[in-house]
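So you can see what is in the structure, the chains are spelled out below.
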Amino acid sequence: MKQLLPLLFLMLAVPLCAQEAVHDGEIADNGLYIGKHSWHDAATELPVAEVIYDPGGVLLSYKTWVDGDIMDAEVMDTNRDRETLPAKLEEVIYEKDGWGIARYNATDAQRVQKGQKVSVRYKGWLQDGTVFEDGMDRGKPFRFVTGKQQVIPGFERAVLALAPGEGAYVVIPPALAYRGNAIGTIPPYAVLRYQIEVVEVK
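Residues numbered from 1 in each chain as written. Predicted model: local features only at pLDDT ≥ 70, side-chain atom pairs only at ≥ 80, totals over all residues. Heavy atoms only, no water.

**Quick look at the overall build of the protein**
- The helix and strand inventory of the protein stands at two helices and twelve strands.
- Looking at the 202 residues of the protein, the share that counts as buried comes to 43%.
- In the protein, 56% of the contacts between residues at least 6 apart in sequence involve partners at least 24 apart. (Helix = DSSP H or I, 4+ residues; strand = E, 2+ residues; numbered from the N terminus. Buried < 20%, exposed > 50% of the residue type's maximum accessible area, 1.4 Å probe, protein only. Contact = heavy atoms within 4.5 Å.)

**Quick notes on the pattern of salt bridges**
- According to the stated counting rule, one finds two salt bridges in the structure shown.
- Here arginine 157 ties to glutamate 95 by a salt bridge, and the two come within 2.8 Å at their closest N and O atoms. Of this pair, arginine 157 sits in helix 2 (residues 153-160) while glutamate 95 sits in the loop between strand 6 (93-94) and strand 7 (100-104), and the two are 62 residues apart along the sequence.
- Judged by relative accessible area, which is 25%, arginine 157 ranks as partly exposed.
- Take glutamate 95: its relative accessible area is 39%, and that puts it in the partly exposed class.
- Note that aspartate 97 and arginine 157 form a salt bridge whose closest N and O atoms lie 2.8 Å from each other. (Salt bridge = Lys/Arg side-chain N within 4 Å of Asp/Glu carboxyl O.)

**Re a positive patch on the surface**
- A contiguous patch of positive charge on the surface is contributed by Lys117, Lys140, Arg143 and Lys202.
- Taking the relative accessible area as the measure of exposure, arginine 143 reaches 39% and is therefore partly exposed. (Patch = residues over 30% accessible without salt bridge, like charges linked within 9 Å, V, L, I, M, F, W, Y side chains within 5 Å. Areas by Shrake-Rupley, 256 points an atom, 1.4 Å probe, with all protein chains shown as cover. Lys, Arg positive; Asp, Glu negative; His and termini not counted. Charge placed at Lys NZ, Arg CZ, Asp CG, Glu CD.)

**What to know about the environment of valine 170**
- With respect to the helices, strands and loops of the structure, valine 170 is situated in strand 11 (residues 167-172).
- For the pair valine 170 and glycine 154, spaced 16 residues apart in sequence, the C-alpha separation works out to 8.5 Å.

**Details of the confidence of the model for the protein**
- Looking at the protein as a whole, its pLDDT mean stands at 77, while 71% of the residues score no less than 70.
- Per-element averaging of pLDDT across the protein places helix 1 (residues 4-13) at the bottom with 46 and helix 2 at the top with 97.
- Note on residues 1-13: pLDDT is under 50 here. Beyond four places in sequence and across chains, it has 30 contacts.
- Between residues 79-84, whose pLDDT stays under 50, and residues either more than four places distant or in other chains, the model counts twelve contacts. (pLDDT = per-residue confidence, 0-100.)

**Comments concerning the packing of aromatic side chains**
- The final tally for this structure, using the stated rule, is eight aromatic pairs.
- Both rings, one in tyrosine 104 and one in tyrosine 169, keep their centres 5.5 Å apart while their planes meet at 40 degrees; by these two values the pair is tilted. In this pair, tyrosine 104 is assigned in strand 7 and tyrosine 169 in strand 11, connecting sequence segments 65 residues apart. Both residues of the pair, tyrosine 104 and tyrosine 169, belong to the buried class. (Phe/Tyr/Trp six-rings, centres within 6.5 Å; stacked < 30°, edge-to-face > 60°.)

**Some words on the nonpolar core**
- Membership of the largest hydrophobic core comes to 27 residues, with the highest contact counts inside it found for Phe155, Ile172, Leu192 and Tyr194.
- Elements represented by at least two residues in this core include exactly strand 8 (117-125), helix 2, strand 11 and strand 12 (192-201).
- At four residues, the largest contribution of residues to this core is made by strand 12.
- Setting aside residues up to four positions removed in sequence, tyrosine 194 forms contacts with Tyr122, Lys123, Gly124, Trp125, Phe132, Ile152, Phe155, Ala168, Tyr169, Val170 and Ile172.
- Listed in part, the seven residues of the second largest apolar core include Ala102, Tyr104, Tyr169 and Val171. (Core = buried A, V, L, I, M, F, W, Y, C linked by side-chain atoms within 4.5 Å.)

If you want it as structure tokens, here you go:
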């Protein structure tokens, strides 16, 4: 929780007129993005806020400015136990934007198409291993229509990569999830992990 409070404060400190930009970014060997996410005042182009992440998406530091002067800054403590994740995530193939997938139960069937109604079972957890939703054993699967922005982009991308009966472990970076928004137990700028299985397509 200590790590989240400064970031929540930072998000409150960023004016609505600020423009987000990414500077000094690079793609790590595992495909995850490392870099500085910076906000600048749209009128003056002065820096407003900046957060820096490590290759696993863990917050390393934050900094805020007022009129070009540093208001607050902190280097975060990242000496904590790393996550415990399903073995399949070791087989994840990453794309350049940090999104990754490891398929299982692969078939030759046609993949889900945009505009189709799909039924899926899924489990989601945070980087520290905390499960934020578990619908794998629900009696009724989750249903949505692809291409309608009814789920986060990284989740839909995974479903569109699968056919009925197939499953996957997926890594979704913040830009393809909830970005700087806190949703329930999901903190801002969270890297999300999912297990997704496509049950039915109509």
